[in-house]
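Spelled out from the first residue to the last, the chains are:
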Amino acid sequence: MSSFAAPLEREESEDIFDSKEPPVIDKIALLKQPSEEGYTKRIAFLFDSTLTAFLMMGNLSPGLKTHAVTMFEVGKLSDESLDSFIAELGKVTDTAEGEAKRYFDHAFTLRDTIQFLRYNAAIDPAGVGAGVDLLRCESLNSLDASTCSRVLNKNYNLLISMAPLSNEVRTVSSSSPYHIGPPVPEVNSVWLKMWMYHVTGCGPVSFLLAKGTRLLHLPPELYPYERLMITTWGHESTIVNTSNVLMALNEALSHSAVLLQAYSKRNEAEIVYVTFPFDKPETDQNDSNHVDEEAPKKLDLVNHPALAKLSNFVDFEHSCGYVTFINCSKQYSDRQDESPPICSSNVEIDSFDDWKLLDMYLGVPLFSTEVNKHTCDLLLSRNLCTEKSLIALTDSHRRLVLFLLDFISEYQVVPLAEDDYSGPGDAKSFVCQQMPGINLPPVPYPTRNLMFSTNSLTEITV
């Protein structure tokens, strides 16, 4: 597990955030360069404004709000402040229920994650154990690409993103320093979902609708479902009843592209999170001699055929995160003791047929203590932060980006970001030449209406 030591002194270090700058414009001031002698690069844990909102809105502890305001307004909480921050997180008590419990869970997992990462030689690529700075993605986005790359390279040898980052956030794209998280914003967008469904032939009934589309009625493919999931471009998903979705959907389409998906046939869907690198279940040789032939054979979601197909494109061995599966057919009653289970590994099921890929996120999840702990254990046990593993991850990230950009370009009326890529070459060559410090345009809107149903993706006219 993680080992601890006193914080390392960092005299004349380059601080990328100036707390004296007005928070409204959220600028980043670059101070003088760090002294090379005795300077130790740190690990940066990247978060977004959603996390600070949880810490401020939850009334978790009086002292915690001060740190949360600093994280939001300054955009950084340095390693020197983390002892006090961890102490305040430790004062949070698990007494909340309902929506408030979400705030408490994030506080617990953030504390555990910081303690796991700090001065842990197994997590530091340099192998010495480094301090941790918390950096807000939106503040980094206010820097131009070259300045951001220079500052990150000067101060950090590893970037680790929380998962999931908000769809509204432009993720940090970097191969130097190494980054465990989404390599480009498109990997943290709706496009990744549609691409996953396309290459695996597995996903819930989904409609990706272009801005300006107007529906006179719901598609027949969604009639069997009582609840639907709506995701407007760059925002979080919401669950709505099918009976009153049409008006809200058309209103959203007037100003944004929308992803409309089947969610459940009655009440809540069953959701399971499968963390990666995957833990393949071990077969007990003794049990093989005592097989109950009448008992139904149990299957493990880790062995789902969709994951096998997705592994041809995504490097699950050198990255960490989680894949979400959804069972839209499972019907839960309104009784509290029949609420849907949420698990993180080695989930046994009767059949793969009803379980569909929903989404995938790269990074360290904070929304669940169980999923967070399992991910941190995998970071350690699979040696994901070694130089060898991180080099392999960088190479596989490039391939994933190219696969995804090709897919987006295929379903755009015009080439992807045509006006933003100047000079010779296409999006592929641009990505290959510019990482690190890649400066991609905002995630492009879809310009065609797409439907995923019966295991295939098709273009539709509505």
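Note that this is a predicted model, so its numbers are computed, not measured. Every chain's residues receive numbers from 1 upward, in the order its sequence appears when written. Given that the model is predicted, a residue must reach a pLDDT of at least 70 before its local features are reported, and side-chain atom pairs must reach 80 or more before they are shown or counted; all residues, however, enter totals for whole chains, interfaces and linings. Heavy atoms from the whole structure form the basis of all side-chain values; hydrogens and water molecules are not counted.

Visitor: Tell me about the side chain of His179, and please be specific about residues and values.
Guide: For helices the rule is a DSSP run of H or I covering at least 4 residues; for strands it is a run of E covering at least 2, with both sets numbered from the N terminus onward. Locating His179 in the fold gives a position in strand β5 (residues 178–180). Relative accessibility thresholds used throughout: buried, under 20% of the residue-type maximum; exposed, over 50%; partly exposed, between the two (1.4 Å probe, protein chains only). What makes His179 buried here is its relative accessible area of 3%. Side chain to side chain, His179 and Ser161 meet in a polar contact 2.7 Å long. Among the polar contacts made by the side chain of His179, one reaches the main-chain carbonyl oxygen of Val172 at a distance of 3.2 Å. Beyond its immediate sequence surroundings of up to four residues, His179 is in contact with Leu46, Leu159, Ser161, Val172, Ser174, Leu393 and His397. N or O atoms within 3.5 Å of each other form a polar contact, as long as, within protein, one can give a hydrogen and the other can take it, and as long as residues adjacent in sequence are counted only when both atoms are side-chain atoms. Between two residues, a contact is recorded if the distance between any of their heavy atoms is within 4.5 Å.

Visitor: So what's going on with the packing of aromatic side chains? Residues and values would help.
Guide: Between rings of Phe, Tyr and Trp, where Trp is taken as its six-membered ring, a pair exists when centres lie within 6.5 Å; planes separated by under 30 degrees are stacked, by over 60 edge-to-face, and by other angles tilted. Under the definition given, this model contains 15 aromatic pairs. Between the aromatic rings of Tyr273 and Tyr322, the centroid separation amounts to 5.5 Å while the plane-to-plane angle is 85 degrees, which identifies the pairing as edge-to-face. With Tyr273 in strand β10 (residues 270–276) and Tyr322 in strand β12 (residues 321–327), the pair connects residues that are 49 residues apart, well separated along the chain. Tyr322 matches Tyr273 in its accessibility class, with the two residues each being buried. One aromatic cluster is present, built from ring pairs that chain together Trp191, Trp233, Phe407, Tyr411 and Tyr445. Geometrically, a lysine NZ or arginine CZ counts as sitting over a ring once it is within 6 Å of the ring centre and also within 35 degrees of the ring normal. The ring of Phe72 is capped by Arg136, whose NZ or CZ atom sits 4.7 Å from the centre of that ring.

Visitor: Talk me through the sheet that holds β10; I want residue IDs and the actual numbers.
Guide: One bridge is not enough; two strands pair if DSSP finds at least two bridges between them. Spatial ordering of the open sheet is given by β10-β12-β14, a layout of three strands whose pairing is antiparallel. The open sheet has two edge strands, β10 and β14 (355–362), and neither has a second partner. Here the average twist between neighbouring strands, direction ignored, is 25 degrees. For β10 and β12, the ladder comprises seven bridges, and the chain directions are antiparallel. Paired with Thr275 across the two strands is Tyr322, which belongs to β12. Sheet contacts for helix α10 (residues 369–381): β10 and β12; angle to β10, the most-contacted strand, approximately 20 degrees. Think of each axis as a best-fit line through the C-alpha atoms, taken over the contacting stretch in the case of a helix, with angles from 0 to 180 degrees between the N-to-C directions.

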